[in-house]
Amino acid sequence: MEVSFGKHGPPYGRSPMTVRRKLLLGFALMVIPALLIGGEAIRTNVQERRALQALGENMARTRTYAELETAMFNESQVIWRYLSGMDPTARRDFEVNRQVVTYWQGRWRQALRPGESDLADGVDAIQRQIVLASDSVFALYDAGHHTDAYRMAQVELRDRLLPALTDVNRDVYRRARESSVRGAYARLEDILAGEDRVLIGTLVLALGLGTFVSWLIARGIARPISELGQGMAIVGGGQLDHPIAVTSNDEVGDLARAFGDMTERLRESRAELETRMAQLQQTQRQLVHAERLASIGEMSAAVAHGLRNPLASLRAAAQLALRRTKNDESRENLQDIIYEADRLDKRVTHLLDFSRPAPFHPLPDTVSRIVQDVLPPFRKLAEERRVTVEVEVGSSLPEVRVDPVQVEQALVEILSNALDAMPEGGVLRVTGRPDRAGGSLGSVAIEISDTGAGIPADVLPSVCEPFFTTRQGGTGLGLATAKRYVEQNGGQLEIESGASRAGGRGTTVRVRLPAAGVRTPGVASPTGSPASVS
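Residues numbered from 1 in each chain as written. Predicted model: local features only at pLDDT ≥ 70, side-chain atom pairs only at ≥ 80, totals over all residues. Heavy atoms only, no water.

(A) The arrangement of the overall build of the protein chain in detail. Each helix and strand counted, the protein chain has 10 helices and eight strands in total. Out of the 534 residues in the protein chain, the part that is buried amounts to 36%. Considering only intrachain contacts with a sequence separation of at least 6, the fraction spanning at least 24 residues in the protein chain is 75%. (Helix = DSSP H or I, 4+ residues; strand = E, 2+ residues; numbered from the N terminus. Buried < 20%, exposed > 50% of the residue type's maximum accessible area, 1.4 Å probe, protein only. Contact = heavy atoms within 4.5 Å.)

(B) Seen up close, the packing of helix H7 (residues 367-374) against helix H8 (residues 376-384). Contact geometry of H7 with H8 gives a least axis separation of 5 Å together with a crossing angle of 50 degrees. By the angle between their axes, H7 is oblique relative to H8. Residues Gln372, Asp373 and Val374 of H7 form the contact with H8, whose own contacting residues are Pro376, Pro377 and Phe378. Classifying every residue of the contact of H7 with H8 by side-chain character gives four nonpolar, one polar and one charged. (Axes fitted to C-alpha atoms, helices over the stretch in contact; angles between N-to-C directions. Parallel < 35°, antiparallel > 145°, perpendicular 65-115°, else oblique. Nonpolar A, V, L, I, M, F, W, Y, C, P; charged D, E, K, R; others polar.)

(C) Spatial organisation of the packing of helix H9 (residues 404-420) against helix H10 (residues 478-488). It is at 8 Å that the axes of H9 and H10 come closest, and there the two elements cross at 150 degrees. In this structure, H9 crosses over H10, and the sense of that crossing is left-handed. Where H9 approaches H10, its residues Gln406, Gln409, Ala410, Glu413, Ile414 and Asn417 are matched on the opposing element by Gly478, Leu479, Ala482, Tyr485, Val486 and Gln488. For the contact of H9 with H10, a count of residues per class yields six nonpolar, five polar and one charged. (Left-handed = near helix turned anticlockwise from the far one by under 90°.)

(D) Layout of H7. Within H7 the residues assigned to the buried category are Val367, Ser368, Ile370, Val371 and Val374. All buried residues of H7 fall inside an arc of 165 degrees around its axis, so they share one side. (Arc of directions from axis to C-beta.)

(E) Fine view of a negative patch on the surface. Residues Asp328, Glu329, Glu332 and Asp336 make up a contiguous surface patch of negative charge. Tracing the backbone shows Asp328 in helix H6 (residues 328-355). (Patch = residues over 30% accessible without salt bridge, like charges linked within 9 Å, V, L, I, M, F, W, Y side chains within 5 Å. Areas by Shrake-Rupley, 256 points an atom, 1.4 Å probe, with all protein chains shown as cover. Salt bridge = Lys/Arg side-chain N within 4 Å of Asp/Glu carboxyl O. Lys, Arg positive; Asp, Glu negative; His and termini not counted. Charge placed at Lys NZ, Arg CZ, Asp CG, Glu CD.)

(F) Local environment of the pattern of salt bridges. Under the criterion given, the structure shown has 22 salt bridges. Glu95 serves as the salt-bridge partner of Arg98, at 3.8 Å between the closest nitrogen and oxygen. Of this pair, Arg98 and Glu95 both sit in helix H2 (residues 90-111), three residues apart, roughly one helical turn. Here Arg512 makes a salt bridge to Asp435, at a shortest N to O gap of 2.4 Å. Highlighted residues: Arg512 in strand E7 (residues 507-514) and Asp435 in strand E4 (residues 426-437), separated in sequence by 77 residues. Classification of Arg512 by relative accessible area gives buried; the value is 17%. A residue is classified by how much of its surface remains accessible, and Asp435, at 11% relative accessible area, is buried.

(G) View of H10. Burial analysis of H10 places 11 of its 11 residues in the buried class, which makes it a mostly covered element. For H10, the complete set of buried residues consists of Gly478, Leu479, Ala480, Thr481, Ala482, Lys483, Arg484, Tyr485, Val486, Glu487 and Gln488. Immediately beyond the C-terminal end of H10, within one or two residues, lies Gly490, with a positive phi of roughly 80 degrees.

(H) View of the packing of aromatic side chains. Taken as a whole and assessed by the stated rule, the structure comprises three aromatic pairs. Judged by centre distance (5.4 Å) and plane angle (70 degrees), the rings of Trp80 and Tyr150 are edge-to-face. Taken as a pair, Trp80 in helix H1 (residues 19-84) and Tyr150 in helix H4 (residues 146-236) lie far apart in primary sequence, 70 residues in all. Trp80 gets classed as partly exposed once you look at its relative accessible area, which sits at 23%. Ring centres of Tyr103 and Trp104 lie 5.1 Å apart, and the angle between their planes is 70 degrees; on these two criteria the pair is classed as edge-to-face. (Phe/Tyr/Trp six-rings, centres within 6.5 Å; stacked < 30°, edge-to-face > 60°.)

See the structure below:
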């Protein structure tokens, strides 16, 4: 963690400028223009309130009359809509609008000052004439005299009553302006002129003080907090190794130091947690595998007890009958019986070998010797299936310390699967190479590749599970046995299939065996982690 001074704070004899002191200083400076503005606001508030109250009353009366004016003009619009014949509901709307006019007439009359009732009387007279003219127009139109109704609407409403209403409106607004608005605005202008002088001076003072306080806060508070926030965001993203720089002597610096210490403890805790999680996962896999093997062992014992004795009796009877019969067809059937009995006995033996703990006898050996001992039985079978066998295993590979019998059996299972994957022929390639882990030689890798159809991506994760098979007549124990033996020798079994890629083919099984002298924990354990597949 990066710091600008010792962890115990600033040098001796200096009083740190804490965040609290910085905020108090900034507040004190900002209070001065606030007090000036507050005093001026109190002085002008009373004057403004009186002027605005008078102005508000006059504006309220004006707004009320504007609503009345709008409603009266709407009456004429409703009449024209009715005469157009396109709105049959216009007459009902006229009745509603008449009620609206009556409502606003009452409101406006109540808000008028003494001496202004003549205005209300003039408006009432025009409204009564509009109602009488509209009733006549509606009656003529309903009687079928559309032309007369239209002509009366033009003469009475458009040419006489609406112009009269416009004249009254003009008089109403003129008197409202003369009586209230101009006087109120004159008083407000005097008040605002005084406020302008005070506010300009206060604004200049506040601008200078605000600039200084902003610089003080940005330098002493905002920038350290921003830097600390960026560091927290990086650490929150998982980069616990990111250093937290301490650039101030105040509470923000203390917070940065505390956060740096917390990050260090989190880094240590995460490393410990990852180690424990890995151990727990390994233990869990071992327990699950051990429980599975125990179940398989119980089942295998039951199967062996139930099948081997009848198979032995069946085979003995078939051999006895084979000696006594001379019929070719009968001898062929008896030989088939003996072959199938032997095949079933072999499968039972395979199942028992998988379920019971295998003895482990590690010896120094070479990969080239193990591979050369395993390949001969497969060469003839490969030749029959038109499979070319290519071997690239050098004799200079490091020695491995393994149980040769178990490793050979694992390779036998893998080679058998590879040949079964190429019924129409192909290439079987066996290679051996040093495998470096962490920059140093840690193991030797044996790769067995075929050019078959490959393993589908949805099947690949399950190929090493016991009793899982996609081949007709298979037991599903081949790769499970190979995986078990490889892991019991401290190695790893990895499977890659080209079928998981578009247009890909073939499968590669990689067996990693620890080089001699490399300490591998849990070598003698019969359980291990699942095979790695990709």
